[in-house]
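Results of the structural survey
Given next are the chains, with one letter for each unit.
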Amino acid sequence: IQSEKCFSGFLSYIFVLCFRERSRDRHKSRSKDSRSEKSVTINTPPAEPLLGDSSVRGEPVQDDNWGETTTAVTGTSEHSLSQEDIVRITKDLEDSVGLNCRRYLTRTLAVILGILVLLTPLAFLVLPHLLWPDKLEPCGTACEGLYISVAFKLLILLLAVWGLFFRPPRASLPRVFAFRALLSVLVLLFVISYWLFYAVRILEVQDPDYKGIVQYAVSLVDALLFIHYLAVVLLELRQLQPCFSVCVTRSTDGETRHYNLGQLSIQRAALAIIEHYYSDFPVHNPALLSASKSRAAKHLAGLKVYNVDGLAHSQSRAMIAAAARRRDTSHNELYYEEAEHERRVRKRKARLVVAVEEAFTHIKRMQEEEQKKSPGDVMDPREAAQAIFPSMARALQKYLRTTKQQHCHSMESIQQHLAFCITNNMTPKAFLESYLTPGPTLQYNRDRWLARHWTLISEASVTSGLRDGSVFLLKCVDFSLVIAAKRIPFVQMSEEYIDPKSHKFVLRLQSETSV
Amino acid sequence: MAFVPGQPVTAVVERIEIQKLFQGENLILGFSIGGGIDQDPGQNPFSEDKADKGIYVTRISPGGPADVAGLRIGDKIMQVNGWDMTMVTHDHARKKLTKKSEHVVRLLVTRKSLEEVVKHSMGRP
């Protein structure tokens with residue numbers, strides 16, 4: 001056991017050295033402001049916006065002195081990181097232009113339709129008074145009652161349309177939303193037909209029966225309310241009842257979740273799944289995939305095949321057969337590597353927990369009376385966080401490096417989180433929770449998501465409904481979500497009546513006595 | 001040994017006389033009984049008719065007085081010293097067998113093999 005400990009300690013020493021070497025080279029290549037690499041200086045940089053400048057520069061903004069030296073994203077070089085950022089930025093720019101145009105187009109159409117619908121009954125009522133006021137029959141209380149009903153129904157219609165259609169849009173979808181288009185066409189046809197009838201039968205003839213006109217306007221408003229009811233049923237209610245169970249798998253690391261969806265079109269189902277993705281799936285961490293990639297590379301590099309006979313397709317079969325026969329010890333390496341990694345993570349975690357607990361004991365919340373007594377030492381939460389942060393910074397950085405999460409958290413975000421925890425009286429364990437387990441994507445900063453622009457890939461048309469066994473993909477730059485839908489089975493339940501008097505019991509004894 | 005309600009029970013019985021043995025200050029017979037009208041007849045492994053609530057011999061201690069007298073496991077006890085055992089509770093049967101004042105018990109027991117023997121002997125003229 002002792003020799004094992006020495007061996008692992010030696011290994012970890014070598015790893016630490018390697019990181020230091022690599023980062024020292026990077027220091028020299030970048031030639032930024034001078035840093036002392038050996039001492040730990042506690043300089044708190046000013047709060048910089050992490051969204052704007054940093055992504056353009058393509059390098060992490062963090063002050064390299066927090067903890068010991070630069071954190072390095074293992075597995076990818078810094079050049080490839082900056083390329084990805086550029087790709088991401090151009091995609092964002094393209095998105096923003098296209099998005100606005102389409103969104104504003106649908107918005108303006110909806111507003112125009114709404115105004116048309118709202119003004120039509122009022123126009124029906126007002127036009128006779130303007131065009132042939134003298135010929136109109138006066139109508140008394142019945143008309144006034146109808147005026148009131150028109151007014152209130154229009155108000156209700158206005159509020160209902162505002163409530164249903166004028167909500168902040170959640171997404172822009174690739175195809176036109178079939179039901180909404182259908183409904184707007186229906187409303188338009190409806191209003192046009194009413195106007196036609198009005199123009200032909202009432203305006204041309206100059207009908208003096210005003211009560212009839214008012215009743216006509218009331219019937220239009222009633223019909224519009226019914227169409228709105230139809231809209232609520234088609235757009236909102238129909239997909240509430242769960243009908244399909246979809247299985248969503250992330251292609252890179254296999255994270256799977258299951259959701260229940262109703263009868264939706266494929267694009268709306270994709271939208272619902274993306275919304276669930278941000279709050280359910282742990283954030284995508286490309287650094288965790290490097291190990292399996294290196295193993296795969298080693299498998300391929302092991303064999304060389306020479307084509308002697310000139311047969312092309314037998315080459316692959318020969319390779320596979322040779323690979324199967326070869327005495328492979330890579331599983332052994334994997335096992336020990338994983339065990340070693342597990343031990344290292346637990347050790348670092350123990351050190352981290354102790355360091356954080358100790359750091360938290362340095363702060364005490366002061367009561368009001370004590371504050372007045374000694375006003376000099378009082379700090380606000382941000383200053384308190386900055387004061388205790390250096391004592392835990394090194395342990396935290398080492399832990400994040402071991403679990404390959406160091407690019408998800410910047411020093412600024414850690415200090416902010418610490419101030420937040422101190423303000424809300426959280427224990428050290430509560431503070432550490434967001435670093436010990438990778439949380440959902442929403443928890444992190446926007447530029448760590450790696451998932452902003454989605455592409456829906458589907459064999460069936462995206463406006464067609466979900467069916468049993470339909471499969472589609474949601475592709476992102478780095479990974480894709482594979483979605484398979486299955487229908488929830490039809491349940492047949494029958495009833496059986498049990499008479500409460502039928503619950504009767506007897507004792508069953510069987511004793512044996514020796515005589 | 002089938003029991004038809006309302007009809008008298010007929011069976012071929014064997015008369016067995018057991019001398020009780022003194023063991024310390026107890027008088028023992030050397031066998032165990034099971035069954036009775038207050039017991040569950042379905043759990044009786046020795047009865048043919050699983051509704052038979054009679055008293056059955058469930059265990060015989062080897063070399064004891066019952067074994068010596070010729071009692072066999074699975075026998076159904078019909079009478080003990082003249083007292084009927086076909087329609088009694090378990091405890092009643094136990095009391096009738098363990099009377100301290102009697103040192104001899106005379107049992108009428110029946111078993112399946114008895115009927116076969118009689119049929120066999122009647123079959124041969």
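Predicted model only: the values in this text are computed from it and were never measured.

1. What to know about the overall build of chain A
Looking only at helices and strands, chain A features 14 helices and six strands. Counting all 515 residues of chain A, 29% fall into the buried class. Pairs at least 24 apart in sequence give 76% of the contacts found in chain A among residues at least 6 apart.

2. Quick notes on the UniProt feature "transmembrane region" (unreviewed entry) in chain A
The sites that carry the UniProt feature "transmembrane region" (unreviewed entry) are, in the present numbering, residues 109-131, 146-165, 177-198 and 213-235 of chain A. Between the end C-alpha atoms of residues 177-198 of chain A the distance is 32 Å, and the span holds 95% helix and 0% strand.

3. Considerations on the pairing of strand 2 (residues 256-261) of chain A
The side chains of a regular strand alternate between the sheet's two faces. Residues and elements named next belong to chain A. The pairing of strand 1 (residues 244-250) with strand 2 spans six bridges and is antiparallel. Considered in strand 2, the bridge of Thr249 is made with Thr256. Here strand 1 folds back onto strand 2, and the loop between the two strands holds five residues, one of which, Gly254, carries a positive phi near 80 degrees.

4. Some words on the pattern of salt bridges
In this structure the tally under the stated criterion is 15 salt bridges over all chains. Taking the shortest distance from any N to any O, the salt bridge between Asp253 of chain A and Arg250 of chain A comes out at 3.0 Å. Relative accessible area serves as the criterion here: at 40%, Asp253 of chain A is assigned to the partly exposed category. Overall, Arg250 of chain A belongs to the buried group, its relative accessible area being 1%. A salt bridge links Arg343 of chain A to Glu340 of chain A, with the nearest nitrogen and oxygen atoms 3.8 Å apart. Separated by three residues within a single helix, Arg343 of chain A and Glu340 of chain A lie in helix 10 (residues 330-360), roughly one turn from each other. Within the structure, one salt-bridge network assembled from shared partners comprises Glu14, Asp75 and Arg111 of chain B.

5. Examining the interface of chain A and chain B
Each partner contributes residues to the interface: chain A has eight residues there, and chain B has 18 residues. Of the roughly 1,100 Å² buried between chain A and chain B, counting both surfaces, carbon and sulfur atoms make up 46%. Looking only at chain A, the three residues that lose the most surface to chain B are Gln510, Thr513 and Val515 of chain A, adding up to 56% of its buried area. Taken together, the links from chain A to chain B amount to one salt bridge. For Glu512 of chain A, the salt bridge identified is with Arg59 of chain B, shortest N-O distance 3.9 Å. Along the contact surface separating chain A from chain B lie seven residue pairs in polar contact (both at pLDDT 80 or more). Broken down by class, the residue content of the side of chain A that touches chain B amounts to two nonpolar, four polar and two charged. By the bridge criterion, three bridges tie strand 6 (residues 512-514) of chain A to strand 4 (residues 31-34) of chain B in an arrangement that is antiparallel. Bridge pairing links Ser514 of chain A to Ser32 of chain B in strand 4 of chain B.

6. Details of the confidence of the model for chain A
All names here are of chain A. Per-residue pLDDT for chain A averages 78, and the proportion of residues at 70 or more is 77%. Taken element by element, chain A is modelled with least confidence in helix 2 (residues 52-57), mean pLDDT 38, and with most confidence in strand 1, mean pLDDT 95. When the criterion is pLDDT under 50, residues 1-62 qualifies, and its contacts beyond four places in sequence or with other chains add up to 60 contacts. Considering only residues more than four positions removed or in separate chains, one finds that residues 72-81, a stretch of pLDDT under 50, has eleven contacts.

7. Considering the packing of aromatic side chains
Under the counting rule described, the total for this entry stands at 17 aromatic pairs over all chains. Judged by centre distance (4.9 Å) and plane angle (75 degrees), the ring pair of Phe124 of chain A and Trp195 of chain A falls under edge-to-face. Within this pair, whereas Phe124 of chain A is found in helix 3 (residues 78-131), its partner Trp195 of chain A is found in helix 5 (residues 178-203), the two being separated by 71 residues in sequence. Residue classification places Trp195 of chain A among the partly exposed residues on the basis of a relative accessible area of 27%. For the ring pair Tyr335 of chain A and Tyr336 of chain A, a centre distance of 5.1 Å and an interplane angle of 70 degrees mean the geometry is edge-to-face. Per residue, the accessibility class of Tyr335 of chain A equals that of Tyr336 of chain A, and both read exposed. Among the aromatic side chains, those forming a connected cluster through ring pairs are Phe124, Phe190, Tyr194, Trp195, Phe197, Tyr198 and Tyr216 of chain A. Sitting over the face of the ring of Phe479 of chain A, Arg250 of chain A holds its NZ or CZ atom 5.7 Å from the ring centroid. Sitting over the ring of Trp83 of chain B, Lys96 of chain B keeps its end group 4.4 Å from the ring centre.

8. Notes on the nonpolar core
Residue and element names in this part refer to chain A. Grouped together as the largest cluster of nonpolar side chains are 32 residues, with contacts concentrated most on Phe124, Val187 and Tyr210. For this core, the elements supplying multiple residues, two or more each, are helix 3, helix 4 (141-165), helix 5 and helix 6 (210-237). For this core, the leading source of residues is helix 6, giving 13 residues. Look past the residues within four positions of Val187 in its chain and what remains in contact with it is Leu113, Val117, Leu224 and Ile227.

9. Observations regarding helix 12 (residues 381-402) of chain A
Given 3.6 residues per turn, any residue in an α-helix points the same way as the ones three and four places further on. Residues and elements named next belong to chain A. Its 22 residues give helix 12 an end-to-end C-alpha distance of 29 Å, which sits within 8% of 32 Å, the value for a rise of 1.5 Å per residue. Helix geometry: helix 12 is bent most strongly at Pro390, by close to 55 degrees. Just beyond helix 12, the residue with positive phi is Lys404, at close to 60 degrees.

10. Some points on the packing of helix 12 of chain A against helix 14 (residues 428-436) of chain A
All names here are of chain A. One can describe the packing of helix 12 onto helix 14 by two numbers: an axis separation of 11 Å at closest approach and a directional angle of 30 degrees. On the basis of their axis angle, the class for helix 12 and helix 14 is roughly parallel. For the pair helix 12 and helix 14, the sense of crossing is right-handed. Residues Met392, Leu396, Tyr399 and Leu400 of helix 12 touch helix 14, and the partners they reach there are Phe431, Tyr435 and Leu436. The class makeup of the residues in the contact of helix 12 with helix 14 is seven nonpolar, no polar and no charged.

11. Regarding the sheet that holds strand 1 of chain A
Residues and elements named next belong to chain A. Here we have five strands laid out as an open sheet, ordered 2-1-5-4-3, and antiparallel in their pairing. The sheet is open, and its two borders are formed by strand 2 and strand 3 (455-458), each paired with just one other strand. Neighbour to neighbour, the strand axes of the sheet diverge by 25 degrees on average, direction disregarded. Its contacts with the sheet put helix 7 (residues 266-280) on strand 1, strand 2, strand 3, strand 4 (471-475) and strand 5 (480-487), and the angle it makes with strand 4 is roughly 55 degrees.

Cut-off values and rules
Sequence order sets the numbering: in each chain, residues are counted from 1 along the sequence as written. For this description, chains carry letters from A and ligands carry numbers from 1, given in the order in which they are written. In view of the model being predicted, local features appear only for residues whose pLDDT reaches at least 70, and side-chain atom pairs are presented and counted only at 80 or more, with totals across whole chains, interfaces and linings using the full set of residues. Based on all heavy atoms of the structure, the side-chain values leave hydrogens and waters out of the count. Numbering goes from the N terminus for both helices and strands, where a helix is a DSSP run of H or I of at least four residues and a strand is a run of E of at least two. Working definition: with a 1.4 Å probe on protein chains only, accessible area under 20% of the residue-type maximum means buried, over 50% means exposed, and in between means partly exposed. The contact definition used throughout considers only heavy atoms, calling two residues in contact when any of these lie within 4.5 Å. UniProt positions are given in the numbering used here, feature names are shortened, and annotations may be inferred rather than shown by experiment. At least two bridges found by DSSP between two strands is the condition for calling them paired. Whenever Lys or Arg places a side-chain nitrogen within 4 Å of a carboxyl oxygen from Asp or Glu, that contact is recorded as a salt bridge. Summed over both partners, the accessible area lost on bringing two parts together, with a 1.4 Å probe, is the buried area. Whenever two N or O atoms come within 3.5 Å, that pair is a polar contact, provided that in protein one can donate a hydrogen and the other can accept it, and provided that, for residues adjacent in sequence, both atoms are side-chain atoms. Any residue outside Ala, Val, Leu, Ile, Met, Phe, Trp, Tyr, Cys, Pro, Asp, Glu, Lys and Arg is labelled polar, Gly included; the first ten of those are nonpolar and the last four are charged. pLDDT runs from 0 to 100 and stands for how confident the predictor is about each residue. Any two rings among Phe, Tyr and Trp, with Trp reduced to its six-membered ring, count as a pair given centres within 6.5 Å; such a pair is stacked if its planes are under 30 degrees apart, edge-to-face if over 60, and tilted if neither. A ring is considered to have a charge above it if a Lys NZ or an Arg CZ atom is located within 6 Å of its centre and within 35 degrees of its normal. Note on terminology: a nonpolar core comprises buried Ala, Val, Leu, Ile, Met, Phe, Trp, Tyr and Cys residues joined through side-chain atoms within 4.5 Å. Given the number of residues in a helix, its expected span is that number minus one, multiplied by 1.5 Å. The reported bend at a residue is simply the angle between two axes, fitted to the 7 residues ending at it and to the 7 residues beginning with it. To get an axis, a line is fitted to the C-alpha atoms, and for a helix only the part in contact is used. The angle between two axes follows their N-to-C directions and goes from 0 to 180 degrees. Oblique is the label for any angle not under 35 degrees, not over 145, and not in the 65 to 115 range, which are roughly parallel, roughly antiparallel and roughly perpendicular in turn. Crossing handedness is defined as follows: a turn of the near helix away from the far one that is anticlockwise and smaller than a right angle gives a left-handed crossing, while the clockwise case is right-handed.

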